[in-house]
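Topology and contacts: notes
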Amino acid sequence: MKFFIDTANLDQIKEAQDLGILDGVTTNPSLMAKEGISGEDKVIAHYKAICDIVDDNVSAEVIAVTYDEIIKEGEALAALDAKIVVKVPMIKDGIKAIKYFSSKGIKTNCTLIFSAGQALLAAKAGATYVSPFLGRLDDIGSEGLTLVEDIRTIFDNYGYPTQILAASIRGPLHIIACAKLGADVMTGPLTAILGLLKHPLTDSGLATFLADHKKAAASITQQ
Ligand code: E4P
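Let me begin by describing the structure that accompanies this report. (Residues numbered from 1 in each chain as written. Predicted model: local features only at pLDDT ≥ 70, side-chain atom pairs only at ≥ 80, totals over all residues. Heavy atoms only, no water.)

1. Things to note about the sheet that holds strand 7 (residues 163-166)
To summarise the sheet geometry, strands pair through backbone hydrogen bonds and adopt either a parallel or an antiparallel arrangement. A barrel is described by the order of its strands in space; here eight strands give the closed sequence 1-2-3-4-5-6-7-8, paired in parallel fashion. Taken pair by pair, the neighbouring strands of this sheet meet at an average axis angle of 30°, ignoring direction. In the sheet, strand 3 (residues 58-61) pairs with strand 4 (residues 84-89) via four bridges, with the strands oriented parallel. Counted as the bridge partner of Val58 is Ile84 from strand 4. Along the sheet, helix 8 (residues 144-158) contacts strand 5 (108-113), strand 6 (129-132) and strand 7; its crossing angle with strand 6, the most-contacted strand, is approximately 155°. (Pairing = 2+ DSSP bridges. Helix = DSSP H or I, 4+ residues; strand = E, 2+ residues; numbered from the N terminus. Axes fitted to C-alpha atoms, helices over the stretch in contact; angles between N-to-C directions. Contact = heavy atoms within 4.5 Å.)

The following block contains the structure:
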């Protein structure tokens, strides 16, 4: 399972990269705005800075919503760095644009997926990734994980190479559930990734090991 971090914060991206387990980054206009990044030059510089930190897979989202504009913006983003994945919204012009990008060998991430039918259309258009938003479905009382399960079944039935990128992950339990369901990738905040590290028995077990080691060392010194 690939691990992407869902942020535009450079310090958090560096921290995850330093852990040695990071496979990519997803951003969106809200995450860029949260870091105070606006204006074409700043946005481009920020994507370049992210690409300098990670090895691959940097999702950069288009703002455009019409076919011609999506193509123009997406091609400009893709030209920034070979690591860029053009993130395109699940709309009619977005599907057409994904088909075009796919024919040009430009990687795409179809975002804002909330149904299996949307994922199927994106896969048929040749999307590299589809991003079902689990947390936002859970927020409205719908089962986000069921969507991942349905998409996995459909993609496996027909051998679609499109990868399921489980997005809108809220915590470590979401990550584990997605891994069990066979999601190809998860993108989540640093807190969700670091949450996987934690278990109280690990902490108490380590404290005991260290205390026992200290006692044994002290008794050898006294002999
Ligand atoms: C990722 O590509 C999405 O933009 C992101 O996971 C959305 O997450 P949120 O629902 O926490 O905003």
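Back to the write-up after that little detour.
2. A look at the packing of helix 6 (residues 116-125) against helix 8
It is at 9 Å that the axes of helix 6 and helix 8 come closest, and there the two elements cross at 40°. By the angle between their axes, helix 6 is oblique relative to helix 8. Between helix 6 and helix 8 lies a crossing whose hand is right-handed. Judged by residue contacts, Ala116, Ala119, Leu120 and Ala123 of helix 6 engage Leu147, Asp150, Ile151, Ile154 and Phe155 from helix 8. Split into classes, the residues belonging to the contact of helix 6 with helix 8 amount to eight nonpolar, no polar and one charged. (Parallel < 35°, antiparallel > 145°, perpendicular 65-115°, else oblique. Left-handed = near helix turned anticlockwise from the far one by under 90°. Nonpolar A, V, L, I, M, F, W, Y, C, P; charged D, E, K, R; others polar.)

3. Notes on the pairing of strand 1 (residues 2-6)
Walk down a regular strand and you will see the side chains alternate between the two sheet faces. Pairing geometry for strand 1 and strand 8 (residues 185-188), over four bridges, is parallel. Looking across to strand 8, one finds that Ile5 is bridged to Gly188. As paired elements, strand 1 and strand 2 (residues 24-26) share three bridges and run parallel to each other. Within strand 2, the position partnered with Phe4 by the bridge is Gly24. For the crossover that starts at strand 1, traverses helix 1 (residues 10-19) and ends in the parallel strand 2, the hand is right-handed. (Right-handed = clockwise from strand over helix to strand, strands pointing away.)

4. As for the site of the ligand
Taken together, Asp6, Thr26, Asn28, Lys87, Phe133, Arg136, Ala167, Ser168, Arg170 and Thr187 make up the full set of residues adjacent to the ligand. Here an oxygen atom of the ligand and a side-chain polar atom of Arg136 are 2.7 Å apart. Contact distances for the ligand include 3.0 Å between an oxygen atom and a side-chain N or O atom of Arg170. Protein chains bury 84% of the 340 Å² of accessible surface belonging to the ligand in isolation. (Near = heavy atom within 4 Å. Polar contact = N/O pair within 3.5 Å; in protein donor to acceptor, adjacent residues only side chain to side chain. Areas by Shrake-Rupley, 256 points an atom, 1.4 Å probe, with all protein chains shown as cover.)

5. Section: the pairing of strand 6
Every second residue of strand 6 is oriented toward a common face, with Tyr129 and Ser131 on one face and Val130 and Pro132 on the other, all of them buried. Read from strand 5 through helix 6 to strand 6, the crossover connection turns out right-handed. The pairing of strand 6 with strand 7 spans two bridges and is classified as parallel. The residue of strand 7 that forms the bridge with Val130 is Ile164. (Buried < 20%, exposed > 50% of the residue type's maximum accessible area, 1.4 Å probe, protein only.)

6. Remarks on the pattern of salt bridges
Going through the model one piece at a time under the given rule, you end up with six salt bridges. The shortest N-O distance in the salt bridge between Glu61 and Lys87 comes to 3.7 Å. Taken together, the residues Glu61 in strand 3 and Lys87 in strand 4 connect sequence positions 26 residues apart. When its relative accessible area of 11% is taken as the criterion, Glu61 is described as buried. Residue class for Lys87 comes out buried when judged on its relative accessible area of 3%. Ionic pairing is found between Lys215 and Asp212, a salt bridge with its closest N-O pair at 3.7 Å. (Salt bridge = Lys/Arg side-chain N within 4 Å of Asp/Glu carboxyl O.)

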